[in-house]
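Fold and contact review
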Amino acid sequence: MHHAITLEALRVLDAIDRKGSFGAAAEALFKVPSALSYTVQKLESDLNINLFDRSKQRAQLTAAGRLLLEQGRQLLQAASAIEEAVQQLESGWETQLRIAKDTILPLEPLLQQVNAFNLLDKRVAITINEEVLGGTWDALIAERCDLALGASGDLPKGIFEYRLIGEVEFVFAVARGHPLCLHKGPVDAAAIQAFPTIVVADSSLSSPARSSGLLESRQIIRVAHAPAKIQAQMMGVGVGFLPIHLIKRELEDGDLIALDCSVPRPDIPLYLAWRKGNKGKALAWFVEACLAANWFGKH
């Protein structure tokens, strides 16, 4: 199908409008004025409209010409974006990068890396989703993400590259004034059983579900992510282990009280992981940046 409106015609209209005359526009486009006049006249003939008010000294668009140019500029921008995306992809830079971050990691260090990446001026659409426990691996296995941050548990073999980010240290914490604050000596399993425990539920869609901070108690309350667990324990809704790096301020302010606990809660190693064979430059950049990021607030 032949279209009267071409990208070249839109570029001519755009240049004339910006420069104010056919002569100035022709100079900017490295063409002769007669070539621009021919392009405009042909477009007017094909559309059966007047694009310019020729009674004015300055090249002034008619209402129809203005509408065509305003919407045409969107096409020009889209065409430029497509050209950049194709050239960028050819050079090894992806057009999008999907990151799945476990909620046990704070968001701020990742946003700092995104901010630094923006300085590279690469047209890469970045999507950040939050997962919990096995959900991070699940997102990578199901190809819902390109980079998994904070993955834990058993490491899938063979199809992924992974690097250790660090280990998470946990502390048993309760709200200010909670009855367990009066407990003599380390809190044991028997004392914990008298109170509800807060558990972060797994976000896996297809992998076997896991639960974080599961303790024997008279009631289990499952929440969607680590910040919800912290808030619930600050409000005295329940008790449980919390990652120290996420509650430093709450511990300092006394909103949460760390108690000695005889129930073991080992440190958990966290990994970043990506699919083998993914050679994208944006992925490689974020792998290095995230390995260097200060996820645990250490100085």
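Figured I'd write up the structure that's included with this text.

Strand direction decides the pairing type here: strand E5 (residues 147-151) and strand E13 (residues 268-275), joined by four bridges, are antiparallel. Note on E13: the bridge partner recorded for Ala151 is Tyr271. Bridging between strand E6 (residues 160-168) and E13 involves eight bridges; their strand directions are antiparallel. Counterpart to Tyr162 in the pairing with E13 is Ala273.

For the rest of this paragraph, the subject is the pairing of strand E3 (residues 96-102). Two faces make up the sheet, and in a regular strand the side chains alternate between them. The buried fraction of E3 is high, at five of seven residues. Here seven bridges tie E3 to strand E4 (residues 125-131), and the two strands are oriented parallel to one another. Bridge assignment links Ala100 to a residue of E4, and that residue is Asn129. Here three bridges tie E3 to E5, and the two strands are oriented parallel to one another. Residue pairing across strands places Ala100 opposite Ala148, the latter belonging to E5.

Across all of its chains, the model carries eight aromatic pairs by this definition. A centroid spacing of 5.3 Å and a plane angle of 65 degrees characterise the contact between Phe117 and Trp285, whose relative ring orientation is edge-to-face. You can see Phe117 sitting in helix H5 (residues 108-118) and its partner Trp285 sitting in helix H10 (residues 281-292), a full 168 residues away along the chain. By relative accessible area, Phe117 is classed as buried at 1%. Above the face of the Phe170 ring, Arg265 is positioned so that its terminal group lies 3.9 Å from the ring centre.

About the cut-offs
Residues numbered from 1 in each chain as written. Predicted model: local features only at pLDDT ≥ 70, side-chain atom pairs only at ≥ 80, totals over all residues. Heavy atoms only, no water. Pairing = 2+ DSSP bridges. Helix = DSSP H or I, 4+ residues; strand = E, 2+ residues; numbered from the N terminus. Buried < 20%, exposed > 50% of the residue type's maximum accessible area, 1.4 Å probe, protein only. Phe/Tyr/Trp six-rings, centres within 6.5 Å; stacked < 30°, edge-to-face > 60°. Lys NZ or Arg CZ within 6 Å of the ring centre and 35° of its normal.

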